[in-house]
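Residue-level structural notes
Each chain is listed here by its residues.
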Amino acid sequence: MGALLALSSAVVYGIVDFAGGVLSRRVHHTAVTFYGQFGGLLLAVAAALLLPVGAVHPADLLWGALSGVGSGTAMWFLNRGLSRGDMSVVVPVSAVTGVALSVLCGVLVLGDRPGAVAWLGIAVTVPALWFVAGGRTGAGKGTADGLVASLGVAVQYLALGQAGPASGLWPVAAGRVAAVLVLLPDVARHARRLKLPPVRCVQSVLIGAGAALGLVLYLLAAQRQLLAVAVVLASLYPALPVVLGLVLLHERIGRRQAAGLLGAGVATVLLTLG
C-alpha cells in the first residue's frame, strides 16, 4: 500500500509540474507559485479536517513547517527554471539531485544505511548532471534553478517524513502556511505581476492544490513504508513532464543532454532499487 501511495504521489507531481511549467511561461512564475500555495493550503486544511487524528504535537507542526519552507523554495525555483528552460531538463535535475541529497542526509543524520546499488545511483548522478549542464546554451539558467530547487525538494521530503503518524495531515497544512510566508518577500517585489486574469488565477490555485495532494499521498506513504523507499518512489515524477514536454511542447535535446538525462534515469532507478 505504501509503494502504491508513493507512486500515486509521483503521478500527481508529474502532472502538476508539467501544468505549472506551461503556465509559468505565460504568466510570472511568482504569481503561479504564490497562488498555488494558497490552493495547496485550502486542500491541505480540508483534507486534514476529514482525516481522523490521534494527537497533534508542536514538533509535528514544526516539521511540517520546515517541509513547507523547502517546498515553497523548491516550487519558486522550479517554476522560474521551467519558465526559461526545457521541462525535459529542469525537472529531472531537481528530482534526481533531490533524491541523492535525501539519501545522503538520511545516512549522515537519520542513520539510514543504503545498499551498494543506492550508492552507485548517487555516483551516477554527478556525471549525469555534468552532461545535462553542458547541453545547449538555452538550458543553462533553467538547470541552475533546478539544482537549487533540488535542495528544497530534499528538505520537503525529509522534514515531512519526521512528522508523527498520529498528527494526520496537519503537518502538510502547517507546511502550506510556511510556504506562503517564505514567498512574501518576493511577492512584495513583484506585486503588480500578481494581478492575473481570473482563469489564470484559478489554474494556479488548482496546480497548487494538486501539489498539496501529491504531498498528502507522500506523507501517507512515508507513514506506511521506509522513508528512503517512499522518497525515491515519489521522486519518479519526472517521467511524466519529460514525456509531455517532448510530445506536446516539441522540446528537443542535444546528445550531451540526452546522455545526461539517460544517466539521470539510471540513477533514479538505482536509487529506487537500493
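Residues numbered from 1 in each chain as written. Predicted model: local features only at pLDDT ≥ 70, side-chain atom pairs only at ≥ 80, totals over all residues. Heavy atoms only, no water.

**Overview of the overall build of the protein chain**
Our working definition: Only DSSP runs of H or I covering at least 4 residues are called helices, and only runs of E covering at least 2 are called strands; the numbering of each starts at the N terminus. Each residue gets one of three labels from its accessible area relative to the maximum for its type: buried under 20%, exposed over 50%, partly exposed in between, using a 1.4 Å probe on protein chains only. The contact rule is simple, with two residues in contact once any of their heavy atoms fall within 4.5 Å. Values of accessible area rely on a 1.4 Å probe in the Shrake-Rupley scheme; residue burial ignores everything except the protein chains shown.
The number of helices and strands found in the protein chain is 11 helices and 0 strands. Secondary structure elements in the protein chain, listed N-terminal to C-terminal, are α-α-α-α-α-α-α-α-α-α-α. For the protein chain, the proportion of its 274 residues judged to be buried stands at 54%. For the protein chain, restricting intrachain contacts to residue pairs at least 6 apart in sequence, the fraction spanning at least 24 positions comes to 91%. Surface exposure of the protein chain reaches about 11800 Å², of which carbon and sulfur atoms provide 73%.

**Quick word on the confidence of the model for the protein chain**
Any segment with low pLDDT has predicted coordinates that should not be analysed in fine detail. Spelled out, the test is: Scored between 0 and 100, pLDDT is the confidence that the predictor attaches to each residue.
With 86% of its residues at a pLDDT of 70 or more, the protein chain shows a mean pLDDT of 81. Across residues 135-139 the pLDDT falls below 50, and counting only partners more than four positions away or on other chains, this stretch makes 8 contacts in the model.

**Quick notes on the nonpolar core**
Our working definition: In this text, buried Ala, Val, Leu, Ile, Met, Phe, Trp, Tyr and Cys residues form a nonpolar core when linked through side-chain atoms within 4.5 Å.
In terms of nonpolar packing, the biggest core is built from 53 residues, with Leu78, Tyr157, Leu169, Val172, Tyr218 and Tyr237 touching the most fellow members. Sequence-distant contacts of Tyr218, that is, excluding residues within four places in its chain, are made with Ser9, Tyr157, Leu160, Gly161, Leu227, Ala230, Val231 and Ala234.

**Observations regarding the pattern of salt bridges**
To keep it simple, the criterion reads: By definition here, a salt bridge exists when the distance from a side-chain nitrogen of Lys or Arg to a carboxyl oxygen of Asp or Glu is within 4 Å.
For the structure on display, the rule yields 2 salt bridges. Ionic pairing is found between Arg80 and Asp145, a salt bridge with its closest N-O pair at 2.7 Å. Of this pair, Arg80 sits in helix 3 (residues 58-84) while Asp145 sits in helix 6 (residues 140-160), and the two are 65 residues apart along the sequence.

**What about the side chain of Gln156?**
Considering the arrangement of structural elements, one finds Gln156 in helix 6. Apart from the residues within four sequence positions on either side, Gln156 is in contact with Tyr13, Ser67, Gly70, Ser71 and Leu215.

**Observations regarding the packing of aromatic side chains**
For clarity, the threshold we go by: Stacked, edge-to-face and tilted are the three classes for Phe, Tyr and Trp ring pairs, Trp counted by its six-membered ring, which pair at centre distances within 6.5 Å; planes under 30 degrees apart are stacked, over 60 edge-to-face, the rest tilted.
The tally for this structure, following the rule as stated, stands at 4 aromatic pairs. With 5.1 Å between their ring centres and 85° between their planes, Phe34 and Phe38 make a pair best called edge-to-face. Of this pair, Phe34 and Phe38 both sit in helix 2 (residues 29-50), 4 residues apart, which is roughly one turn of the helix. Ring pairs connect the aromatic residues Phe34, Tyr35 and Phe38, which therefore count as one cluster.

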